[in-house]
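# Architecture at a glance
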Amino acid sequence: MTDGVAYLAVMPCDNDSYRGMKEGLHHLGFRVESVDNTKTELEQLGVRSPAAGPRKIDVGRDGPIRLKNLQACRIGKHQTSDPDGILLDLAEE
Amino acid sequence: METRIKHVAICTENYDRMAEFYKTVFGMKKITNGMTDATGNYNPERGHISDGLIGYALLQRQPGITAGLDHFGFEVDDVSDVLEKLAEKYPDILVSKTLDYVPFAGIRAHDPTGNQFDISQNQMANVREGYKESGWEQPRRLSHIAMRAITPARLAKFYQDVFGLEKVEKLSDSENFI
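Keep in mind it's a predicted model, so treat the numbers as computed, not measured.

### Remarks on the overall build of chain B
Scanning chain B from N- to C-terminus turns up three helices and 11 strands. Taking 16 Å as the expected radius of gyration for a compact globule of 178 residues, we find that chain B reaches 16 Å, a close match to that expectation. The buried share among the 178 residues of chain B stands at 53%. Of the contacts made within chain B by residues no fewer than 6 positions apart, 62% connect residues no fewer than 24 positions apart. Carbon and sulfur atoms make up 49% of the accessible area of chain B, which amounts to about 8300 Å² in all. The positive charge centre, built from 21 side chains, and the negative charge centre, built from 26, are 4 Å apart in chain B.

Now the structure itself:
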């Protein structure tokens, strides 16, 4: 759904993991001028200061499912996170 | 009715680190002055940040509060219209007046799955600082807020009924992504 500028997306819960059954806010998406440039900046930020960069999503037993659920968003093209682990995705439009 | 997604809030124990991340990577700028910090005191160094369209509140996580995405907010041109729709179609939804020091919104409510949202109208008395201004354009900005629901169609209908959000045909179907 859209307000004409931004989207509000509703994705389905699943029972692939305990977390997957939980309803609620899931992730935020950003439009960027270049996904490749933003990915590079995020990688460099993580190297310069690991605590200030994105956290890896695909870690732990649930990691692959967590990543798969984020990839299910039809708007985002690249999946990442902020330093707190808030899930983010990026797209160029 | 005009509706705009204008606000997102995250509860964090790392305000400085998070604010720096969003400023550095996404070009956000501070638009309000002063927020509660870990001591519980008003800290003038903190504030909401923005991408020019949508304000971002990095709220101090206090005991008993879960870290992570907390709520989001709409600006509408007529709050009374939203409240009438809620009362008429979703009478079980709780509606609360927001705290006076909150700079964005006057009303807080929730959807049928419990996600909380603020409702703001530009003329409301407590809308202040950057939230009163027209904002700016920048190349990187928040494009979407995603939520999960056991029955996505039912939840989507709530936002369509109450806020007039429109389904995006090229992205949506009736079950897996609305």
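### Side note on a positive patch on the surface
All names here are of chain A. A cluster of basic residues, R19, K22, R55 and R66, forms a positive patch on the protein surface. Mapped onto the secondary structure, R19 falls in the loop between β1 (7–12) and β2 (24–31). Residue classification places R19 among the exposed positions, given a relative accessible area of 62%.

### Description of the nonpolar core
Ranked by size, the top nonpolar core spans 61 residues in total, and within it A:F30, B:Y22, B:Y56 and B:Y159 carry the most contacts. No other element matches helix α1 (residues 15–26) of chain B, which puts seven residues into this core. Formed by nine residues, the second largest nonpolar core is a distinct cluster that contains A:Y7, A:M11, A:C73 and A:I75.

### Side note on the sheet that holds strand β9 (residues 107–110) of chain B
All names here are of chain B. Sheet architecture is open: eight strands sit in the order β2-β5-β6-β1-β7-β10-β9-β8, paired in mixed fashion. Among the strands making up the open sheet, the edge pair consists of β2 (29–30) and β8 (95–97). In terms of strand pairing, strand β1 (residues 3–12) meets strand β6 (residues 55–60) through six bridges, oriented parallel. The residue of β6 that forms the bridge with H7 is G55.

### Some thoughts on the sheet that holds β1(A)
One open sheet holds the five strands; their spatial order is β1(A)-β11(B)-β2(A)-β4(A)-β3(A), and the pairing between them is mixed. Edge strands, defined here as strands with exactly one partner in the open sheet, are β1 and β3 (78–81) of chain A. Neighbour-to-neighbour, the strand axes of this sheet turn through a mean angle of 30 degrees, independent of strand direction. Bridge count between β1(A) and strand β11 (residues 141–149) of chain B: six bridges; the pairing is parallel. Following the sheet pairing, A:P12 is matched in β11(B) by B:A149. Here α1(B) sits on the sheet in contact with β2, β3 and β4 (87–91) of chain A, set at roughly 10 degrees to β4(A). Strands β1 of chain A together with β11 of chain B of the sheet are contacted by helix α3 (residues 152–163) of chain B, whose axis makes an angle of about 160 degrees with β1(A).

Cut-offs and rules
Residues numbered from 1 in each chain as written. Chains lettered and ligands numbered in written order. Predicted model: local features only at pLDDT ≥ 70, side-chain atom pairs only at ≥ 80, totals over all residues. Heavy atoms only, no water. Helix = DSSP H or I, 4+ residues; strand = E, 2+ residues; numbered from the N terminus. Rg over C-alpha atoms; globule rule 2.2 N^0.38 Å. Buried < 20%, exposed > 50% of the residue type's maximum accessible area, 1.4 Å probe, protein only. Contact = heavy atoms within 4.5 Å. Areas by Shrake-Rupley, 256 points an atom, 1.4 Å probe, with all protein chains shown as cover. Lys, Arg positive; Asp, Glu negative; His and termini not counted. Charge placed at Lys NZ, Arg CZ, Asp CG, Glu CD. Patch = residues over 30% accessible without salt bridge, like charges linked within 9 Å, V, L, I, M, F, W, Y side chains within 5 Å. Salt bridge = Lys/Arg side-chain N within 4 Å of Asp/Glu carboxyl O. Core = buried A, V, L, I, M, F, W, Y, C linked by side-chain atoms within 4.5 Å. Pairing = 2+ DSSP bridges. Axes fitted to C-alpha atoms, helices over the stretch in contact; angles between N-to-C directions.

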